[in-house]
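# Residue-level structural notes
For reference, the chains in residue letters:
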Amino acid sequence: MSEHDHDHGGGHHDLPVAARVRQLEERLIAAGLASDEEIDAFLTRLYADASPVNGARMAARAWTRPGYRELLLSDGSAAAAELGFGGSGGLGYQLRVVENTPELHNMIVCTLCSCYPVSLLGPSPGWYKSFAYRSRTVREPRAVLAEFGVALPEDVKISVWDSTSEARYMVLPLRPSGTEGMGADELAGLVTRKGLIGTALV
Amino acid sequence: MSYVVGQRVRARAGDPDHHTRIPRYVRGHAGQIVARLGDWPLPDASVAGVTKAETCYAVRFAAVELFGGGDHTVTVDLWESYLERA
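Since the structure is predicted, the reported quantities are computational estimates derived from the model, not experimental observations.

Helix and strand counts for chain A stand at eleven helices and four strands. Summarising its shape, the C-alpha atoms of chain A cover approximately 60 × 40 × 30 Å along the three principal directions. Classification of the 202 residues of chain A by burial places 33% in the buried group. Long-range pairs, those at least 24 residues apart, make up 67% of the contacts in chain A between residues at least 6 apart in sequence.

Among the nonpolar cores identified, the biggest contains 57 residues, and A:Ala59 and B:Leu78 are the most heavily contacted of them. For this core, the leading source of residues is helix α3 (residues 52-64) of chain A, giving six residues. For B:Leu78, the residues in contact, after removing those within four places along its chain, are A:Thr164, B:Ala11, B:Ile22, B:Cys56, B:Tyr57, B:Val59 and B:Leu83.

Moving on, we come to α3(A). Between its first and last C-alpha atoms α3(A) spans 19 Å; for 13 residues at 1.5 Å apiece the expected length is 18 Å, and the two agree. Of the surrounding secondary structure, the elements contacted by the buried residues of α3(A) are α4 (66-74), α5 (76-82), α6 (118-121), β4 (167-172), α10 (184-188) and α11 (193-197) of chain A.

Residues and elements named next belong to chain A. Contact geometry for α3 and α4: axes closest at 5 Å, N-to-C directions at 130 degrees. The angle between the axes of α3 and α4 places the two elements in the oblique class. Note on packing geometry: the crossing formed by α3 with α4 is left-handed. Of the residues in α4, those touching α3 at Met58, Arg61 and Ala62 are Tyr68, Arg69 and Leu72. When its residues are assigned to classes, the contact of α3 with α4 shows four nonpolar, no polar and two charged.

All names here are of chain B. With three bridges joining them, strand β1 (residues 8-11) and strand β2 (residues 30-41) adopt antiparallel strand pairing. Within β2, the position partnered with Arg8 by the bridge is Gln32. Where β2 and strand β3 (residues 53-62) come together, eight bridges link them in antiparallel fashion. The partner of Pro41 across the bridge, within β3, is Ala53.

Let us now look at the sheet that holds β1(B). For sheets, the rule is that strands pair by backbone hydrogen bonds, running either parallel or antiparallel. Pairing in this open sheet of seven strands is mixed, and the strands run β2(A)-β3(A)-β4(B)-β3(B)-β2(B)-β1(B)-β5(B) from one edge to the other. Of all strands in the sheet, those bounded by a partner on one side alone are β2 (104-109) of chain A together with β5 (83-85) of chain B. Averaged over all adjacent pairs, the angle separating strand axes in this sheet is 35 degrees, with direction ignored. Relative to the sheet, helix α8 (residues 131-139) of chain A contacts β2 and β3 (157-162) of chain A together with β4 (73-79) of chain B, its axis offset from that of β2(A) by approximately 150 degrees.

This brings us to the domain arrangement of chain A. The assigned domain composition of chain A is domain 1 (7-48) and domain 2 (52-197). Taking only C-alpha atoms into account, the centre of domain 1 of chain A sits 28 Å from that of domain 2 of chain A.

Turning next to the interface of chain A and chain B. When the parts come together, some accessible area is lost, and that loss is often what is quoted as the size of the interface. The interface is formed by 17 residues belonging to chain A together with 17 residues belonging to chain B. Of all the secondary-structure elements, those providing two or more residues to the side of chain A that touches chain B are α8 and β3 of chain A. Its residues placed into classes, the side of chain A that touches chain B shows seven nonpolar, five polar and five charged. One ladder, built from four bridges, connects β3(A) with β4(B); its direction is parallel. Pairing of A:Trp161 across the sheet is with B:Thr75, part of β4(B).

As defined by bridge partners, β2(A) adjoins β3(A) across six bridges and the pair is classed as parallel. In the strand pairing of β3(A), A:Leu104 is matched with A:Lys157.

Low-pLDDT portions of the prediction should not be read for the details of their coordinates. Of all residues in chain A, 93% attain a pLDDT of 70 or more, and the chain-wide mean is 91. Contacts for the low-pLDDT stretch residues 1-10 of chain A, under 50 throughout, to residues beyond four places or in other chains number three contacts.

Next up on the list: the environment of A:Leu15. Residue and element names in this part refer to chain A. The topology assignment puts Leu15 in the segment before α1 (16-30). According to the C-beta neighbour criterion, Leu15 is partly exposed, with 13 such atoms within 10 Å. As for Leu15 and Ala59, which are separated by 44 residues in sequence, their C-alpha atoms are 34 Å apart.

Here is what the cut-offs are and how they apply
Residues numbered from 1 in each chain as written. Chains lettered and ligands numbered in written order. Predicted model: local features only at pLDDT ≥ 70, side-chain atom pairs only at ≥ 80, totals over all residues. Helix = DSSP H or I, 4+ residues; strand = E, 2+ residues; numbered from the N terminus. Buried ≥ 20, exposed ≤ 12 C-beta atoms within 10 Å, placed from the backbone. Contact = placed C-beta atoms within 7 Å. Core = buried A, V, L, I, M, F, W, Y, C linked by C-beta atoms within 7 Å. Expected span 1.5 Å × (residues − 1). Axes fitted to C-alpha atoms, helices over the stretch in contact; angles between N-to-C directions. Parallel < 35°, antiparallel > 145°, perpendicular 65-115°, else oblique. Left-handed = near helix turned anticlockwise from the far one by under 90°. Nonpolar A, V, L, I, M, F, W, Y, C, P; charged D, E, K, R; others polar. Pairing = 2+ DSSP bridges. Domains from an automatic or database assignment. pLDDT = per-residue confidence, 0-100.

Spelled out as structure tokens, the structure:
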């Protein structure tokens, strides 16, 4: 890369991690383990239908249908499949959905890397992958929440889930008050990606 | 050695010299099994090119046990060989 290629405006390709990813891709290709085209095709598939709209629809459906809520909490992957997410092969991971209640708030993190249900939440935000979020969320979640502008009452307990295995976690947020008359579509519009990670209330 | 939901366990304290998925901050600490997730390839074996399915559990730790303070809990997914009886 020449000097002229440097992006001093803080663009994504300027990040050290981007260079590391490119080096890893080159090693995979050199070792004959994957081709450039295969890597591109994999990423295209991964992100084609990945959107937080999917997770939002699941949450809203759980708020309006008790049977679906039960399924979502007992077998998240089956609940995703019921809405057709993940295609015919399913999600490809075990989805575990953890429910917020008036007494308990859940937060998702991956301290070892950045595991997360991409197909249901869309590409992960930069802060989710940051060292600060990953190291601080397990240690001082209430302070992290405060920095996201979330002030939980003192008596609300916090449960943090560290995604260290094949399972992927998603939060079922608390249904906001005053939404009793809303249908699932309208409710889904209220659910944000942060709400599904647990760094915002809905 | 397999574990049941509700059982107290301890995350092994050792520091392996190979790839592993047991975070440092739980090593040596006691927690409780909250779910049996499934039998999945143990990352420590996968990295050596060996597929070895092993039961993975969700294990809940109190923040005060892990960090000496805090009133929250942290639940971490840990393979069976990362655990021992507490």
